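# Summary of the model geometry
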Amino acid sequence: MNFNSALENIKSYEAGKPIELVVREYGIDKDHIVKLASNENPFGCSPKVKDAVRNIIDNMSLYPDDSMVKLKSALGKKYGIRSDELVIGAGSDQVIEFAIHAKAHNGSKVLMNSVTFAMYEIYAKQVGAVVVRTTSREHNMEEFYSLYQEHKPSIIFLCTPNNPTGDALDAQDMISFIEKVDSDTLVIVDGAYMEYARFKDASKAVEPKDLIQKFDNVLFLGTFSKAYGLGGMRVGYGIASEPIIKALYKVRPPFNITTLSLEAASVALEDEAFVAECIADNFKEMKRYEAFADGKKIQIIESYTNFVTLSLPQAKNSSEIAQALLKKGMIIRDLSSYGLNAIRVTIGTQVQNSRFFELCEPLL
Ligand SMILES: *Cc1c(COP(=O)(O)O)cnc(C)c1O
């Protein structure tokens, strides 16, 4: 069968391996498997969220509130923005899809960093857009600007902090760059890890409210999947000026967020103390990774997220290391498909991290 020819050069997204797969493939007991591959919060979500979801379990038979009043007002309050400056997606992933489908088309150009979140390219190619990438591993605003001038892209992605490398842009550098961009170019600032960056270094913190007040061509993305520990509930959001949100609503399917997910995300925002504790623990544990890498003379990229990226020396192959760890029940992310001889490891609990060091000891 012939399909849309735009699909011919798309490679499907390669998700972090689920625990169930390792149980099946390697016969390892479920309780001995450690998953540090998808940047999930190792402490899960707030206990208040679990209670709230249990309490509305009978509502499963009802269609969700498609106006998403409760979640939108909670997010509006958190960020000091209006409901019509917000769109909710099944993960911020879905907001990326909305944005590309609303703005780009066959032949449009989409500019992004050399190494960055894989879904930008996949959605761009779905509409026949052409992907333009920088060459620097970290976001380099001068390079972005010269490629912007050369290609006049319709969309620019800035992922800060960046996945899978963990580095973050200086917020002021980013704003100076956006000031030079034409108002018909949509700039998407992906802040999936912004809660972590904000905690570590105020100069990296991007304020969505300031951003959209200053620019009507910027879309800020946030998610409940990382710091809020709700990856399985699939809730993310976009913050932008009203005309952008209106356009995104035209490509949004109805009822895109489930009743339980809406409740979980709303209640998660009522327990910021839980999230703050998890983030503080994250950076405490990150120091152990830095010490480990230091001891092994392995380069670690300074991270503003809940993961670390270890650049391996030439003598070590990241795919082989990832495979050897998998056989022992440790799931991490091999970055060879991004063209890097590196592994990305989510910061887990103290016990999980100790296990990682123990298993890596003979390998690295
Ligand atoms: C995890 C992630 C997302 C989206 O996650 P969702 O679960 O779809 O909200 C978006 N961008 C980056 C950079 C991510 O790492």
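In case you missed it, the structure is sitting above this.
Below: a short report on this structure. (Residues numbered from 1 in each chain as written. Predicted model: local features only at pLDDT ≥ 70, side-chain atom pairs only at ≥ 80, totals over all residues. Heavy atoms only, no water.)

## A short note on the overall build of the protein chain
Cut-off, in case you're wondering: Only DSSP runs of H or I covering at least 4 residues are called helices, and only runs of E covering at least 2 are called strands; the numbering of each starts at the N terminus. Values of the radius of gyration come from C-alpha atoms, whereas the globule rule sets the reference at 2.2 Å times the count of residues to the power 0.38. Relative accessibility thresholds used throughout: buried, under 20% of the residue-type maximum; exposed, over 50%; partly exposed, between the two (1.4 Å probe, protein chains only). All accessibility values rest on the Shrake-Rupley procedure with a 1.4 Å probe; residue burial counts only the protein chains present in the view. We count Lys and Arg on the positive side and Asp and Glu on the negative side, and we leave His and both chain ends out. A charged residue contributes its charge at one atom only: NZ of Lys, CZ of Arg, CG of Asp or CD of Glu.
A tally of regular secondary structure across the protein chain gives 14 helices and 13 strands. Here the C-alpha radius of gyration of the protein chain, 20 Å, is about what a compact globule of 364 residues would show, namely 21 Å. Each of the three principal axes of the protein chain carries a C-alpha extent, and together these read 55 × 55 × 50 Å. Taking all 364 residues of the protein chain together, the buried fraction comes to 54%. Total accessible area on the protein chain is roughly 16400 Å²; 50% of this is exposed by carbon and sulfur atoms. Computing the positive centroid from 41 side-chain charges and the negative centroid from 47, the protein chain places the two 2 Å apart.

## Regarding the nonpolar core
Across soluble globular proteins, you tend to see nonpolar side chains buried next to one another. Heads up, the rule is: Among the buried residues, those of types Ala, Val, Leu, Ile, Met, Phe, Trp, Tyr and Cys that are joined through side-chain atoms within 4.5 Å form a nonpolar core. The split of the chain into domains comes from an automatic or database domain assignment. Contacts were defined at the residue level, with two residues in contact if any of their heavy atoms lie within 4.5 Å.
Formed by 86 residues in total, the largest nonpolar core has its most connected members in Leu 71, Leu 75, Ile 178, Leu 211, Phe 224, Ile 332 and Phe 356. Considering each element in turn, this core owes the most residues, nine residues, to helix H12 (residues 272–296). Structurally, this core is a two-domain feature, drawing no fewer than three residues from each of domain 1 (5–45 + 273–360) and domain 2 (49–270). Excluding residues that lie within four positions of it along the chain, Leu 75 makes contacts with Ile 81, Leu 86, Ile 88, Phe 224, Tyr 237 and Leu 269. Judged by nonpolar contacts, the second largest core, of 28 residues, contains Ala 99, Ala 104, Ile 155 and Leu 221.

## Details of the packing of helix H2 (residues 47–55) against helix H11 (residues 259–268)
For the record, the criterion: Axis lines are fitted through C-alpha atoms, for helices just across the contact stretch, and the angle between N-to-C directions can take any value from 0 to 180 degrees. Put simply, a crossing is left-handed when the front helix is turned counterclockwise from the back one by less than a right angle, and right-handed when it is turned clockwise.
One way to put it is that H2 packs onto H11 with a least axis distance of 9 Å and a crossing angle of 145 degrees. Seen along the crossing, H2 lies across H11 with a hand that is right-handed. Residue-level inspection shows Lys 48, Val 49, Ala 52 and Val 53 of H2 in contact with H11, the latter providing Leu 260, Glu 263, Ala 264, Val 267 and Ala 268.

## As for helix H3 (residues 69–79)
Short version of the rule: It is the directions from the helix axis to the C-beta atoms that the arc portrays.
Within H3 the residues assigned to the buried category are Leu 71, Lys 72, Leu 75, Gly 76 and Tyr 79. Projected onto a plane normal to the axis of H3, the buried residues spread over an arc of 135 degrees and lie on a single side. Of the residues one or two after H3, Gly 80 is the one with positive phi, at around 70 degrees.

## Regarding the layout of surface pockets
Definition in use: In this analysis, the protein atoms alone were mapped onto a 1 Å grid. Cavities are point sets where a 1.4 Å probe fits without being able to get out; pockets are open sets with protein on both sides within 12 Å along at least five of seven lines; lining residues have an atom within 4 Å of a point. Grid points are joined across faces, edges and corners, and a volume is the space filled by probe spheres set on the points. Gly counts as polar in this scheme, as do all residues outside two lists: the nonpolar Ala, Val, Leu, Ile, Met, Phe, Trp, Tyr, Cys and Pro, and the charged Asp, Glu, Lys and Arg.
Each pocket or cavity is described by its volume, and for the largest pocket that value is around 540 Å³. In the lining of the largest pocket, the residues fall into nine nonpolar, ten polar and eight charged. Two domains each provide a minimum of three residues to the lining of the largest pocket, namely domain 1 (5–45 + 273–360) and domain 2 (49–270). In this model, the second largest pocket occupies a volume close to 410 Å³. Lining the second largest pocket are 18 residues, with Lys 11, Ala 118, Glu 121, Ser 337 and Tyr 338 positioned closest to its centre.

Purely spatial values, then, with no claim about function.
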